[in-house]
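Residue-level listing of the chains:
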Amino acid sequence: MSIPFAYNLRNLVVRKTTTIMTALGIALTVAVLLAILALVNGLRSTLSISADPLHVLVLRKGSDSELVSVFLRSQFQDLKFKPGIAVGRDGQPLASMEVVTIMILDGADDSSSSNLTVRGLPAAGIEMRRNVHLVRGRWFREGQREVAVGKSIADRFDSAQIGKKVHFGRGDWEIVGVFDASGGAQSSEVWGDLFQVSSDLQRVDAVSSGLVTATDPVAAQALVASLNDDQRLGVKAMLEKDYYDQQTSSAKPIESVGLIVAIIMAIGSSFAAMNTMYAAVARRAREIGTLRVLGFSKGSILSSFMLEAALLSAFGGVLGCLLAMPLNGVATSIGNSTFSETAFAFHVTPQIMLTGVIFAVVLGSVGGLFPARMASRKQILTALREG
Amino acid sequence: MFRYLPLVLKNSWRNKRRTVLTVVSIGISMCLLGVMIAMFHAFYLSNPSPEQALRLVTRNRVSFTVFIPLSYRDQIEHVPGVRAVTVANWFGGVYKDDRDPKNNFARYAVEPEKLFRIFAEYRMPEDQQKAFQRDRTACVVGRDLANQFHFQVGDRINVTGSIFPGDYEFTIRGIFDSPRNTEIMYFNTEYMEQSLPEARRGNVIMYYILIDDPSHSARIAKAIDAIFANSTAQTKTETAHAFGVAFLALLGNIKMFLIGISAAVMFTVLLVSANTMAMSARERVREVGILKTLGFTPGSILGMILGEATAISIAGGTIGYLISTLLLRLVVKSPFGGYMPPMPIFQVPVALACIFTAAAIGVMSSLVPAMGASRIPIVDALRSTD
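All of these numbers come straight from a predicted model, not from anything done at the bench.

Rules used throughout
- Residues numbered from 1 in each chain as written.
- Chains lettered and ligands numbered in written order.
- Predicted model: local features only at pLDDT ≥ 70, side-chain atom pairs only at ≥ 80, totals over all residues.
- Helix = DSSP H or I, 4+ residues; strand = E, 2+ residues; numbered from the N terminus.
- Rg over C-alpha atoms; globule rule 2.2 N^0.38 Å.
- Buried ≥ 20, exposed ≤ 12 C-beta atoms within 10 Å, placed from the backbone.
- Contact = placed C-beta atoms within 7 Å.
- Domains from an automatic or database assignment.
- Nonpolar A, V, L, I, M, F, W, Y, C, P; charged D, E, K, R; others polar.
- Axes fitted to C-alpha atoms, helices over the stretch in contact; angles between N-to-C directions.
- Parallel < 35°, antiparallel > 145°, perpendicular 65-115°, else oblique.
- Left-handed = near helix turned anticlockwise from the far one by under 90°.
- Pairing = 2+ DSSP bridges.
- pLDDT = per-residue confidence, 0-100.
- Core = buried A, V, L, I, M, F, W, Y, C linked by C-beta atoms within 7 Å.

Peer 1: Outline the overall build of chain A, supporting the account with residue identities and numerical values.
Peer 2: Helix and strand content of chain A: 13 helices and 14 strands. Radius of gyration (C-alpha) of chain A: 29 Å, far over the 21 Å computed for a compact globule of 387 residues. Dimensions along the principal axes, computed over C-alpha positions, put chain A at roughly 95 × 50 × 30 Å. Counting all 387 residues of chain A, 51% fall into the buried class. Pairs at least 24 residues apart make up 81% of the contacts formed inside chain A by residues separated by at least 6 positions.

Peer 1: Let's hear about the domain arrangement of chain A: which residues, and what values?
Peer 2: Residue and element names in this part refer to chain A. Along its sequence, chain A is organised into domain 1 (5–48 + 250–385) and domain 2 (55–213). Placing the centre of domain 1 and that of domain 2 at their C-alpha centroids yields a distance of 47 Å. Listed per partner, the contact involves 9 residues of domain 1 and 16 residues of domain 2. When residues of the side of domain 1 that touches domain 2 are traced back to their parent elements, those giving at least two are α2 (16–50) and β14 (341–345). Broken down by element, the residue count for the side of domain 1 that touches domain 2 peaks at 3 residues, all from β14. Here the residues of the side of domain 1 that touches domain 2 are counted per class, giving 3 nonpolar, 5 polar and 1 charged.

Peer 1: An account of the packing of helix α1 (residues 5–14) of chain A against helix α11 (residues 298–324) of chain A is needed here, citing residue identities and associated values.
Peer 2: To characterise two packed helices, one gives the angle between the axes of the helices and the distance between these axes. Residues and elements named next belong to chain A. At their nearest, the axes of α1 and α11 sit 9 Å apart, and the two run at 50° to each other. One way to sum up the angle between α1 and α11 is to call them oblique. In this structure, α1 meets α11 at a crossing whose hand is right-handed. For the pair α1 and α11, the contacting residues are Y7, N8, L9, N11 and L12 in the first and S304, L307, E308, L311 and L312 in the second. Along the lines of polarity and charge, the residues of the contact of α1 with α11 split into 6 nonpolar, 3 polar and 1 charged.

Peer 1: Account for the domain arrangement of chain B, with residues named and values stated.
Peer 2: Looking at chain B, the domain boundaries give domain 1 (2–47 + 253–383) and domain 2 (62–233). The C-alpha centroid of domain 2 of chain B is placed 47 Å from the C-alpha centroid of domain 1 of chain B.

Peer 1: So what about the interface of chain A and chain B? Which residues, and what values?
Peer 2: Facing 40 residues of chain A, the contacting portion of chain B comprises 38 residues. Elements with a minimum of two residues in the side of chain A that touches chain B: α2, β3 (95–105), α9 (252–283) and β13 (331–335) of chain A. The leading source of residues in the side of chain A that touches chain B is α9(A), at 15 residues. Class assignment of the residues belonging to the side of chain A that touches chain B gives a composition of 23 nonpolar, 15 polar and 2 charged.

Peer 1: Lay out the sheet that holds strand β9 (residues 184–188) of chain B with the relevant residues and their values.
Peer 2: Residue and element names in this part refer to chain B. Ordered by their spatial adjacency, 10 strands build an open sheet running β4-β7-β8-β6-β9-β5-β3-β11-β1-β12, and the pairing between neighbours is mixed. The strands lining the two open edges of the sheet, one partner per strand, are β4 (94–95) and β12 (235–239). Of the pairings in the sheet, the one linking strand β7 (residues 156–160) to strand β8 (residues 167–176) comprises 5 bridges and is antiparallel in character. Opposite I157, over in β8, you have F170 as the bridge partner. Contacting β1 (55–60), β3 (82–90), β11 (206–211) and β12, helix α9 (residues 217–227) runs over the sheet at an angle of about 170° to β12.

Peer 1: I'd like to hear about the confidence of the model for chain A, residue by residue, with values.
Peer 2: Mean pLDDT for chain A: 88, with 96% of residues reaching 70 or above. Within chain A, no element has a lower average pLDDT than β13(A), which sits at 73, and none a higher one than strand β6 (residues 146–150) of chain A, at 95.

Peer 1: Outline the nonpolar core, supporting the account with residue identities and numerical values.
Peer 2: Ranked by size, the top nonpolar core spans 224 residues in total, and within it V32(A), L34(A), V56(A), M103(A) and L32(B) carry the most contacts. For this core, the element with the highest residue contribution is α2(A), accounting for 19 residues. Setting aside chain neighbours within four positions, we find V56(A) in contact with V212(A), A214(A), A220(A), L223(A), V224(A), A237(A), L239(A) and E240(A).

Peer 1: Can you break down the environment of T160(B) residue by residue, with the values?
Peer 2: Residue placement: T160(B) occurs in strand β7. Taking the C-alpha atoms as reference, T160(B) lies 9.0 Å from G92(B); in sequence the two are 68 residues apart.

Peer 1: Let's hear about the environment of K10(B): which residues, and what values?
Peer 2: Residues and elements named next belong to chain B. Relative to the helices and strands, K10 resides in helix α1 (residues 5–12). Accessibility expressed as a C-beta count within 10 Å gives 10 for K10, which makes it exposed. For the pair K10 and E308, spaced 298 residues apart in sequence, the C-alpha separation works out to 9.1 Å.

Peer 1: Could you give an account of the confidence of the model for chain B, naming the residues involved and the relevant values?
Peer 2: The predicted model of chain B averages 88 in pLDDT, with 96% of residues at 70 or higher. As a predicted assembly, this complex carries a pTM of 0.79 together with an ipTM value of 0.77.

Peer 1: With reference to specific residues and values, describe the pairing of strand β6 (residues 138–142) of chain B.
Peer 2: Residue and element names in this part refer to chain B. Extensive coverage of β6 is indicated by the burial of 5 of its 5 residues. Neither face of β6 is left uncovered, since the one carrying A138, V140 and G142 and the one carrying C139 and V141 both have all their residues buried. As judged from the 3 bridges shared by β6 and β9, these two strands associate in the antiparallel manner. Considered in β9, the bridge of V140 is made with Y186.

Peer 1: Describe the packing of helix α2 (residues 16–45) of chain B against helix α14 (residues 348–375) of chain B, and please don't skip the residues or the numbers.
Peer 2: All names here are of chain B. Between α2 and α14, whose axes approach to 9 Å, the crossing angle comes to 140°. By the angle between their directions, the pair α2 and α14 is classed as oblique. Between α2 and α14 lies a crossing whose hand is right-handed. Only P349, V350, A353, C354, T357 and A358 of α14 make contact with α2, whose side of the interface consists of I26, M30, L33, G34, I37, A38 and H41. When its residues are assigned to classes, the contact of α2 with α14 shows 10 nonpolar, 3 polar and no charged.

What follows is the structure, given as structure tokens:
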């Protein structure tokens, strides 16, 4: 027969100072883990929203990012009429030729200035991005030195408001609109007219990339395969989704460092939990003896103390979740593979919190194992005489 | 005060298991803090190494992903105080399969005759340096890289360009040593230039510059940027140290990361230590009563308990610091170590900061139980049953 659960719960409540201190120690460990997971998760969800499953991105063979890719106007003419490409409002294929560069936007002081991705694209490029819509102002006009900025940029920089001017390439560009990409990475970009931007960069015939919308997911796959096989075209095609998945790798260093830190902290906390449980066992020697006299088996004593350790650490895990909760939605940014910034927010999901609690219970149980074993092995007579 | 030292030490050893567990727990947490402190010190507080202090980096003001013209080199060379300038093009490219991160080691196109002058800390035999300069398709690799791939002088390496297109075959003509991580390969920029199509030549990602005196670095950097201030490709010149820190900052907000984790670690240590001291003080209430009857003043009892906590946490802090030097060695030797400012393994300020933090945490953690014990009336203390 097992010892009632209420016994463990009451014990934790009676020694509330020790319980709270140990639990808080575990909570901090869990909070660090959750912060890292929420950071990576936030980046991942931003990038996955950015990608449209129907989009196929075309780069030069051997290029991993739009920034180093070169895509020729002549290649675009061939690309546009491939089978499987959807048709836009104007009856033309939904294909966009885009030029990508980087600009520097000065913040209040030198250290807060930021690198942003600038994209020059035709009207079809805007139509293709179904997650993007204008929130203020208007789109840039063809043939004008005008740009629209993503919402994350407008929110972060006073210098990126409608009516102000930003500087890149050979001169100033007027901001005429703000667009939102519903949480996607495009919200961290500056968009202008393809011809204006590419001629400013002297790249009219050699832009960065091509983007097409397929009629359906199957057609998208087929398009990728046929483009990659086309020796004459000499391009590398991939689903936009795969491209953004690749970009998540920029969070890899932070993720792995964070995990190492969390694991080291967890080892420290499990020693602390062990300490607390040893003290709990020592103080209750006579109680343990009594329980044995009452007929509870060694096994039930062992599981009871293990349960108590797990309970203690689960409490710590929940506290850790509470500590990490305020992080949810906090905006931050990270350098991406094109060395410009992608803004995103910490994303604390129930799934991550569950991971945190499980992590806590595991470290607590490891810490509770030896004390619980000691408790179960006590001789009844000596236990009764102790304390 | 030190009169009570033997008693303090004896007391802290009375419950051996608890003390050991506490010391280990504090030690493991403090080893993280030790690494954080060492990194913070290297990034934001320390002076760059003498070789590094003499190096400047010039790149496009917008980003190092935007080129600057090759023609800038001559103009930079004429700035007073500049001793040598080399092109340093981050080559990127694909070696074997780029999905294996091991294959993504750093590759730079440089001017062979200047590389070893500007990177004075690199050591390579004279004949290998000569061979590197003579053979246009030569490359040199760092010792760490050579060990990882079992490269030997004479081996050939094939790399496909990404930023600079083309298929390249290099012959290893030398292996160099450096105190820092050297998973790096350098090759002759001439080879690359001549393999590129006409329209793509003359582009530079950055220049490494050797200057005559570290104290002139700010003046020289300003002078260089001033030359190109009105051109289409404005430059940004900074010390190699500042450049390294800026590069790492792209990974995220390093400062916040270091401070956040350090704060969490310190608070955890505080809790662990406070918990232990509370447990041990609770067991000893009656003992305190006896000590008081023997004539120990409240002040000396306060001191004894604070001393015990401090002794335990200093032991934890010292062990933590020692483990942190091992961890730091791993950090320095990791691929990221190459981008970080040099971090000597043993540093007095870091060790002191680590141990002092531990001691301060010890005092803070035991303040509440110590005050309680020193204030308790003798009669109550003697009456207490644990």
